[in-house]
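# A look at the structure
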Amino acid sequence: MDIPTPLPILLPKVQIPPSRLQLVSRSRLLQVLDAGLHRKLTLISAPAGYGKSTLLSEWASGCEWPLGWVTLEAGDNDIERFLTYLMSAVQTAEESVPKLEDILGARFSLQPMSRDAMLAILVNQLSSTSERLVIVLDDYHLIENQDIHGFLNALLDNLPVNIHIVISTRTDPPLRLARLRAKDQLNEITEKGLRFTPQEVETFFDVVMGLRLTDDEVAELEARTEGWVTGLQLVGLSLKDREHPSELIHTLAGTHRYILDYLVEEVFSDLPPLLQTFLLRVSVLEHLSPELCDTVVGEPDVPQQSKKILEFMDASNLFIVPLDSQRQWYRFHPLFADFLRDRLVAQHAEELPDLQRRAAAWYASRGLLSEAIRHCFAGGDVDRAADLIQAEARDLLTRGEITTLLRWIDALPEEVIAARPHLGLSRAWAMLMREPINFLDTIDQQIDQIAEGFGILSADLLSALAESEPESLRRAGLSEFAMLLAFARRDNHDVDDTIKLFKAALEYMPESEHLLRGFTLAGLASTYARKGAIKLAEDAFAQAAQHSLAANSIYGYVACTDWLATMQAEQGQLTRAAATYRQAIKLLTSQAQYPLPLSGHVYVGLADVLLEQNDLQGAFENLQVGLQVGVQVRDVDALLNGYVIQARVLQMLNKGEEAQEAMQNAERQALETKSMSCVHDAQAHKARLALALGDVQVAQRWAAGRGLGSVGDVHMEGPPNEIEQLTYARLLMAVGKASEALPILEALSGLQEQIGRTRALIESLTLQALCLRSLGRMDEAVRTLARALMLAAPEGFARVFIQEGPPLAALLRTVGSLGHSPEYVKHLLEIFGEAPALQESVLDPLSERELEVLRLVADGLTNAEIAAQLVIAHSTAKTHINRIYSKLGVSTRTQAVARARQLQILP
């Protein structure tokens, strides 16, 4: 399972259908399509049978822009699958764009990548190519997933100017079309525009169908069919052997549906019986190839029958559409396919299971399991479907196709799932990945069913693992079950029991399963961290990172390395932590010139370490990149931590209002996590900032809201977390109650020393020293601060002391004069005397609109052109550009673009 298999691409879906050799050229519509290229979107919307795909294939054959094409199907209602086909189409049109799996690497996470993260990756990649590009999404009406509609809306909002999207659909999609119309960014072709004109009707019968009709007959046909292309095609096929065309023409009346039923029946009845049988049998297929059709028809004694029939139908314009230029793949016209399938069910329903079975077997033998599974379900073979889903499940999970996997499993009878514990494991993982919080409410039922499938009780899992045969499928399944159980119980069960489960999973898991081992080690490491075993957590994260790298999981490697650096920093190893962060950044920047999810968090983490060491320039540059990447990929964690650090920096600059605004941004990000611990941390940071700015009342209201009281009594449920205790201790010190703050700090420092959290210990000791000084206990204050300095000096801690201001500076002078770390004290006092020379420009990330303006500046557009492109006033465009200059600390367009590229804001 080391490297998850990329989605097997059904190539005809991403190939441009060739235009027919004989067709009615829609020159008036081709001009409409060409004229709309400067807009964001072209929408071709009309019912079936109006020639939408035919028009697009003709236009594509002559389009001067590179063009990527996706023929969508109902099975593409999974955002990861949709994006995979979209990126494959783009890569087919523009080879410089990497494939999706090359962009992301194999990856693992407890949740699929967010829509916003995928959007950022796609937009940045499209922006990085200088080529113009058209992306065609054909048959978009088959997409019902709201996540995909939301993704496409966001893509259109952020679409680079060199990209144009074309959507072909039977009904208007639920996109923000009104907004696009208002901004003149929508090019539309509707049913009315697609109707054949009288001249086109005449050309169609003359050139395509080889029929000469009178002017009156042409006019009557155009009127009765209302220029409906499929209706005209059916009329042409019906008239081929008629001496008096007007007789048939006069019979046409009623709705399009009536005309369709009448004419299709007539055309089909005139076909040879052999051809009728062929068409009915292969109607179970979405795509037609000679080999696949031969397999489904099941007549091996007739060599190349399917190839000959498909070529005949293509040449006869008989309702099949070629899907590739080699004419190896075709599909039926959707209306004709509906007719054939209805007739097959009505007249030969007994043949359906066997036809579907043959189709499933053909697809499965070629590794196209999605198509095989669809045919198994269509044929009612749920056992075969379950076996194929089980075979495909792991790859679906690692690709993040959670919606598809759960849709398939939910379609299976429960007893079929219960008999396949590995399938139950896959369902449990998928549900946990999709809704980790809600899933915990139903996990016990899932666990009991999986355990029953293995023939054990969940309480006996560890003994069952020990008794299982080495290298057996059962042992592999049970070890994965132990990992799932550990993750499910990590937050609400005994920590030591959870650690036992993780360790058992690792003990019995195959060594070659690098991705699973990395995932399990990451879970074990996070459990150690929650327990306070920081060193053990560091070691486990280091192992998890190496297994992730061995599995080519760049995402997993970055996640584990980020946590590894965090553990090192917690132990006070700032230099090692900075090197670890830089190692992750080096790998990230070697992959491509665009941000990956989690990279923002890495940059912010490095900024935090560098700021502590007083490397202000390095800290600020990494903070800027981290915040900017966080905005681009909507990384809530990166933004939360980044805004907290930003607030600290702004407070250092004596910019209180800006610091408060940054902290409000942090609180908003915390609320988005839906984690109360994150919210409590952010609110404690906010109270701490208020104290630093001299606003004691805000901090008192915070303490009262958390049940901390005004005299140090803790009334809240459970103990406050560390940042809350430190902030509360600071509040007590600020109101002259150092004697009440001291025991809180002493208890904290004792625990921090016990578990090896040296960085936090240095802060607690520093505050203790200040408390002791204010209480007149100078000897103890000196000894306590001297101890903090001894811990801090080897790694160059600075800001933990500087942030405490003049009282700490005075105490430092006393400590230094007594011979404690004199050189280090001298260094710190020098920093106390410095005015921080910081640039405001690197503190504030560009807004989404400013990013959009910056990309247009990089493309060389003038202010007026930018205003026209974004449908804004010229003065507004100028204001955006001036703000960009201010934030980037530059004064010209060239400098802005260069600085943005230096900070990796632009590719």
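Values in this document were obtained by computation on a predicted structure and should not be read as measured data.

The helix and strand tally for the chain stands at 49 helices and seven strands. Taking all contacts inside the chain whose residues are at least 6 apart in sequence as the whole, residues at least 24 apart take part in 68%. If you sum the accessible surface of the chain, you get close to 37,200 Å²; carbon and sulfur atoms cover 50% of it.

The next subject is the packing of helix α37 (residues 676-692) against helix α38 (residues 696-705). Running from amino to carboxyl end, α37 crosses α38 at an angle of 155°, the nearest separation of the two axes being 7 Å. As the angle between them shows, α37 and α38 are arranged roughly antiparallel. For the pair α37 and α38, the crossing hand works out as left-handed. Of α38, the residues touching α37 (which contributes Q683, A684, A687, A690 and L691) are V696, V698, A699 and W702. Split by residue class, the contact of α37 with α38 holds eight nonpolar, one polar and no charged.

In the predicted model, the chain carries a mean pLDDT of 84, and the fraction of residues at 70 or more is 87%. Within the chain, the element-level pLDDT minimum falls on helix α4 (residues 100-104), averaging 50, and the maximum on helix α42 (residues 778-792), averaging 96. Below a pLDDT of 50 lies the segment residues 1-5, which in the model reaches 18 contacts outside its immediate sequence neighbourhood of four places, other chains included. Contacts for the low-pLDDT stretch residues 835-842, under 50 throughout, to residues beyond four places or in other chains number 18 contacts.

Okay, the pairing of strand β3 (residues 133-138) next. Burial analysis of β3 places six of its six residues in the buried class, which makes it a mostly covered element. Burial along β3 is two-sided: L133, I135 and L137 facing one way and V134, V136 and D138 facing the other are all buried. Here five bridges tie β3 to strand β4 (residues 163-169), and the two strands are oriented parallel to one another. Note that in β4 the partner of V134 across the bridge is H164.

Let's shift gears to the side chain of S599. Residue placement: S599 occurs in helix α33 (residues 599-612). The class for S599 is buried, based on a relative accessible area of 3%.

Following both chains from N to C, one finds helix α47 (residues 863-870) and helix α48 (residues 874-888) inclined at 110°, their axes separated by 8 Å at the closest point. With respect to α48, the element α47 is oriented roughly perpendicular. Counted together, N863, A864, I866 and A867 of α47 and H874, A877, K878 and I881 of α48 form the full contact between these two elements.

Let us now look at the packing of aromatic side chains. In total, this model carries 13 aromatic pairs according to the counting rule given. Taking 5.4 Å as the distance between ring centres and 70° as the angle between the ring planes, the aromatic pair formed by W429 and F519 counts as edge-to-face. Here F519 lies in helix α29 (residues 514-531) and W429 lies in helix α23 (residues 421-434), a separation of 90 residues in the sequence. Each member of the pair W429 and F519 is classed as buried. Linked through ring pairs, F268, F332, F336 and F339 together constitute an aromatic cluster.

Quick look at the pattern of salt bridges now. Scanning the entire structure with this criterion turns up 37 salt bridges. With its nearest N and O atoms 2.6 Å apart, the salt bridge here joins E311 to K307. With a gap of four residues between them, E311 and K307 both fall in helix α16 (residues 305-315), about one helical turn apart. Exposure remark for K307: the relative accessible area of 32% places this residue in the partly exposed category. Among the ionic pairs, E722 bridges to R757, the shortest N-O distance being 2.4 Å. Of this pair, E722 sits in helix α39 (residues 722-734) while R757 sits in the loop between α40 (738-755) and α41 (758-774), placing them 35 residues apart in sequence. Residue R757 is classed as buried on the basis of its relative accessible area of 15%. Residues joined by salt bridges that share partners form a network here, namely K535, E538, D539 and R576.

For the rest of this paragraph, the subject is the pairing of strand β2 (residues 67-71). The buried count for β2 comes to five of five residues, which makes it a mostly enclosed element. A two-sided burial pattern is seen for β2, the buried positions comprising L67, W69 and T71 on one face and G68 and V70 on the other. For β2 and β3, the ladder comprises five bridges, and the chain directions are parallel. Of the residues in β3, the one forming a bridge with W69 is V136.

Looking now at the environment of L234. Here L234 lies in helix α11 (residues 229-239). For L234, a relative accessible area of 1% corresponds to the buried category. Through-space distance from the C-alpha of L234 to that of V267 is 7.2 Å; in sequence the pair is 33 residues apart.

Residues of helix α1 (residues 27-35) that are buried include every one of L29, L30 and L33, and no others. Around the axis of α1, the buried residues are gathered within 105° of arc, so they sit on the same side. Elements in contact with the buried residues of α1: β1 (41-45), α2 (52-62), β5 (186-190) and α8 (191-194).

Of note, L155 is situated in helix α6 (residues 146-157). With a relative accessible area of 1%, L155 lands in the buried category. Those residues in contact with L155 that sit more than four places away from it in its chain are L119, L122, V123 and I165.

Of note in this structure, D184 is not a glycine but carries a positive phi near 55°. The residue D184 is located in the loop between α7 (177-182) and β5 in this model.

Attention shifts here to the sheet that holds β5. The strand order across the open sheet built from five strands is β2-β3-β4-β1-β5, with neighbouring strands paired in parallel fashion. Taken across any chain shown, the strands that pair with only one partner, and hence form the sheet edges, are β2 and β5. Going across the sheet, the axis of each strand differs from the next one's by a mean of 15°, ignoring polarity. Pairing geometry for β1 and β5, over five bridges, is parallel. Among the inter-strand pairings, L41 is bridged to a residue of β5, identified as L186. Sheet strands touched by α1: β1 and β5. Its angle to β5, the strand with the most contacts, is close to 160°. Of the strands in this sheet, β1, β2, β3, β4 and β5 are in contact with α2, which crosses β2 at around 160°.

Moving on: helix α36 (residues 656-673). With 18 residues, α36 should cover 26 Å at 1.5 Å per step; its first-to-last C-alpha distance of 26 Å lies within 8% of that length. When α36 is considered as a whole, its buried residues turn out to be G656, A659, A662, M663, N665, A666, E667, Q669 and A670. Along its buried surface, α36 packs onto α35 (636-652) and α37. Looking at the residues trailing α36, positive phi occurs at K674, about 60°.

What counts, and at which threshold
Residues numbered from 1 in each chain as written. Predicted model: local features only at pLDDT ≥ 70, side-chain atom pairs only at ≥ 80, totals over all residues. Heavy atoms only, no water. Helix = DSSP H or I, 4+ residues; strand = E, 2+ residues; numbered from the N terminus. Contact = heavy atoms within 4.5 Å. Areas by Shrake-Rupley, 256 points an atom, 1.4 Å probe, with all protein chains shown as cover. Axes fitted to C-alpha atoms, helices over the stretch in contact; angles between N-to-C directions. Parallel < 35°, antiparallel > 145°, perpendicular 65-115°, else oblique. Left-handed = near helix turned anticlockwise from the far one by under 90°. Nonpolar A, V, L, I, M, F, W, Y, C, P; charged D, E, K, R; others polar. pLDDT = per-residue confidence, 0-100. Buried < 20%, exposed > 50% of the residue type's maximum accessible area, 1.4 Å probe, protein only. Pairing = 2+ DSSP bridges. Phe/Tyr/Trp six-rings, centres within 6.5 Å; stacked < 30°, edge-to-face > 60°. Salt bridge = Lys/Arg side-chain N within 4 Å of Asp/Glu carboxyl O. Arc of directions from axis to C-beta. Expected span 1.5 Å × (residues − 1).

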